[in-house]
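Read off the chains here:
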Amino acid sequence: MLDAKGRLSVPTRHRDVLLATAGGQLTITKHPHGCLMVFPRPEWEAFRQRIAQLPMSAQWWKRIFLGNAQDVEMDAQGRVLVAPELRAAAGITKEAMLLGMGNHFELWDAATYAAQEAEAMRGEMPEAFKDFSF
């Protein structure tokens, strides 16, 4: 959930790890699926280098990822300010979901995420999962 000032309160279970691994320094940028990507700064630097090496044919993706990136820092209460333009890009008003995705997080508008998840659950399991047993 975002507060009235547009700050995200990082869940406690992630807060300590982010303080230890990134000193509370994060980078937030747009994601092509309509959410935001939230990186611990060291992970962002690795991602940024990979994006910067993409060929000219990927120039728009460079602009989307790099041109919209904003560095933020967790405050003493474990909150980070999500810029108004990034909140607007992801349609995040108040209710938000933070999902751990390995080396980064995704920040979604809660209603948008619920709708897209429901749609995915109604579809076929992707071929990539054929060797998984559930």
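Just so it is clear, the structure is predicted and the values come from calculations on it, not from any experiment. (Residues numbered from 1 in each chain as written. Predicted model: local features only at pLDDT ≥ 70, side-chain atom pairs only at ≥ 80, totals over all residues. Heavy atoms only, no water.)

Student: Summarise the overall build of the protein; cite the residues concerned and give the values.
Tutor: Along its length, the protein carries 5 helices and 7 strands. Scanning the protein from its N terminus toward the C terminus, one meets helices and strands in the order β-α-β-β-α-α-β-β-α-β-β-α. Compactness check: the protein gives a C-alpha radius of gyration of 16 Å against a globular reference of 14 Å for 134 residues, within 12% of the reference. Oriented by its inertia axes, the alpha-carbon framework of the protein measures out at about 45 × 35 × 30 Å. A burial count over the protein gives 35% of its 134 residues as buried. Contacts in the protein between residues far apart in sequence, at least 24 positions, make up 55% of those at least 6 positions apart. For the protein, the centre of its 15 positive side-chain charges and the centre of its 16 negative side-chain charges are spaced 6 Å apart. (Helix = DSSP H or I, 4+ residues; strand = E, 2+ residues; numbered from the N terminus. Rg over C-alpha atoms; globule rule 2.2 N^0.38 Å. Buried < 20%, exposed > 50% of the residue type's maximum accessible area, 1.4 Å probe, protein only. Contact = heavy atoms within 4.5 Å. Lys, Arg positive; Asp, Glu negative; His and termini not counted. Charge placed at Lys NZ, Arg CZ, Asp CG, Glu CD.)

Student: Residues and numbers for the packing of helix α2 (residues 41-52) against helix α3 (residues 59-67), please.
Tutor: Where α2 meets α3, the closest approach of the two axes is 10 Å, and the angle between their N-to-C directions is 160°. Between α2 and α3, the angle falls in the class roughly antiparallel. Judged by the twist between their axes, the crossing of α2 over α3 is left-handed. Along its contact with α2, which presents Trp44, Phe47, Arg48, Ile51 and Ala52, the element α3 presents Lys62, Phe65 and Leu66. The residue inventory of the contact of α2 with α3, partitioned by class, reads 6 nonpolar, no polar and 2 charged. (Axes fitted to C-alpha atoms, helices over the stretch in contact; angles between N-to-C directions. Parallel < 35°, antiparallel > 145°, perpendicular 65-115°, else oblique. Left-handed = near helix turned anticlockwise from the far one by under 90°. Nonpolar A, V, L, I, M, F, W, Y, C, P; charged D, E, K, R; others polar.)

Student: Lay out the UniProt feature "domain: SpoVT-AbrB" (unreviewed entry) in the protein with the relevant residues and their values.
Tutor: According to UniProt, the feature "domain: SpoVT-AbrB" (unreviewed entry) maps to residues 1-43 and 69-112 in the numbering used here. Segment residues 1-43 splits into 33% helix and 33% strand. End C-alpha atoms: 24 Å apart. Along residues 69-112, the helical share is 23% and the strand share 39%, with 22 Å between the first and last C-alpha atoms. (UniProt positions renumbered as here; feature names shortened; annotations may be inferred.)

Student: Tell me about the pattern of salt bridges, and name the residues and values.
Tutor: On inspection of all chains with the given rule, the structure shows 6 salt bridges. Here arginine 7 ties to aspartate 3 by a salt bridge, and the two come within 2.7 Å at their closest N and O atoms. Where lysine 130 meets aspartate 131, a salt bridge forms, and the shortest distance between an N and an O atom there is 3.8 Å. Like lysine 130, the residue aspartate 131 is exposed in the burial classification. (Salt bridge = Lys/Arg side-chain N within 4 Å of Asp/Glu carboxyl O.)

Student: Before we move on, can you summarise the nonpolar core with the specific residues and values?
Tutor: Core analysis: the largest hydrophobic core is formed by 19 residues, its most contacted members being Leu36, Val82 and Leu107. In this view, leucine 107 contacts Leu8, Cys35, Leu36, Val38, Val82, Ile92, Ala96, Met97 and Leu98; residues no more than four positions away in its chain are not counted. Counting residues in each nonpolar core, the second largest holds 6 residues, with Trp44, Phe47, Ile51 and Phe65 among its members. (Core = buried A, V, L, I, M, F, W, Y, C linked by side-chain atoms within 4.5 Å.)

Student: Outline the sheet that holds strand β2 (residues 25-30), listing residues and values.
Tutor: Picture the strands of a sheet paired through backbone hydrogen bonds; they go either parallel or antiparallel. Read across the open sheet, the 5 strands follow the order β4-β2-β3-β7-β6; overall the sheet is antiparallel. Of all strands in the sheet, those with a lone pairing partner are β4 (70-73) and β6 (96-100), marking the two edges. Strand after strand, the sheet turns through a mean of 30° between neighbouring axes, direction not considered. The sheet contact formed by strand β3 (residues 36-40) and strand β7 (residues 105-109) spans 3 bridges and is antiparallel. Across the sheet, the residue bridging to methionine 37 is glutamate 106, located in β7. (Pairing = 2+ DSSP bridges.)

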